[in-house]
Amino acid sequence: MQHIILGGGCFWCTESVFLSLKGVQSVVSGYAGGTAQTADYETVCTGQTGHVEVIDVTFDENVIDLSVILDVFFATHDPTTPNRQGNDIGTQYASMIFYTDGAQLDVIHDKINALKADGIAVVTQVRPAPEFYQAEDYHQNFFAKNPAQSYCNFAIPPKLAKLRANFSEYLK
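Note that the structure is a prediction, hence the values are computed from the model and not measured.

Re the overall build of the protein
The secondary structure content of the protein amounts to six helices and eight strands. Going from N to C terminus, the protein has its helices and strands arranged as β-α-β-α-β-α-β-β-β-α-β-β-α-α. Against the globule reference of 16 Å for 172 residues, the protein gives a C-alpha radius of gyration of 15 Å, in line with a compact fold. Taken along the three principal axes of its C-alpha coordinates, the protein extends 35 × 35 × 30 Å. Across the 172 residues that make up the protein, the buried fraction comes to 46%. In the protein, 77% of the contacts between residues at least 6 apart in sequence involve partners at least 24 apart. For the protein, the accessible surface area stands at approximately 8,100 Å², while carbon and sulfur atoms represent 51% of it. Treating the 10 positive side-chain charges of the protein as one cloud and the 19 negative ones as another, the clouds have centres 8 Å apart.

Here it is in structure tokens:
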């Protein structure tokens, strides 16, 4: 098993996407990358802790490899806007990848370089995995637990539609 920490805006959205993939064993919403000694939703939302809303994705590389994980990540969020995803604005919504080893870093750099060669102005930050702070229980598997929540109904279905259209062979 491998794991990687991804920040692509609201963790409710990214969690919903990655929970749909074969080979993904778990997706945990949380916070990473800040300077504060701890993180919780209320303080991270101020934008002053430096933490980003992230998901910690554990996946079986024999079923789905990192390259596909990254393809899904880049296809289902906007990696060209700093500190923003749609209407969500602030440092907590930065596009970030926190890698766990040098082999992951090589794959990440190759993927970003390929996107840039295709003319995509990627601003995704890449850093070694820092301390991960698990989000509060009510954030875990949020969309499945709150399907009628208005933000979710606005933001998540388009991401899932992109996933179905472009990665159907990887869906559970």
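What about unusual backbone geometry?
Of note, N83 is a non-glycine position whose phi angle comes to about 55 degrees, a positive value. Position of N83 relative to the elements: it lies in the loop between α3 (66–75) and β4 (84–85). Looking at N83, the relative accessible area reads 28%, which means it is partly exposed. For N141, which is not a glycine, the phi torsion comes out positive at approximately 55 degrees. Relative to the helices and strands, N141 is located in the loop between β8 (132–134) and α5 (142–145). Judged by its relative accessible area of 34%, N141 falls in the partly exposed class.

Comments concerning the sheet that holds strand β3 (residues 52–59)
Backbone-to-backbone hydrogen bonds join strands into a sheet, with any given pair of strands oriented parallel or antiparallel. Spatial strand order, β7-β6-β1-β3-β2-β8: six strands in an open sheet with mixed pairing. Edge positions in the sheet fall to β7 (125–128) and β8, since each has one partner strand and no second. Direction aside, the axes of adjacent strands within the sheet are offset by 35 degrees on average. Bridge count for strand β6 (residues 95–99) against β7 is four bridges, and the pairing is parallel. Among the inter-strand pairings, M96 is bridged to a residue of β7, identified as Q125.

What counts as what
Residues numbered from 1 in each chain as written. Predicted model: local features only at pLDDT ≥ 70, side-chain atom pairs only at ≥ 80, totals over all residues. Heavy atoms only, no water. Helix = DSSP H or I, 4+ residues; strand = E, 2+ residues; numbered from the N terminus. Rg over C-alpha atoms; globule rule 2.2 N^0.38 Å. Buried < 20%, exposed > 50% of the residue type's maximum accessible area, 1.4 Å probe, protein only. Contact = heavy atoms within 4.5 Å. Areas by Shrake-Rupley, 256 points an atom, 1.4 Å probe, with all protein chains shown as cover. Lys, Arg positive; Asp, Glu negative; His and termini not counted. Charge placed at Lys NZ, Arg CZ, Asp CG, Glu CD. Pairing = 2+ DSSP bridges. Axes fitted to C-alpha atoms, helices over the stretch in contact; angles between N-to-C directions.

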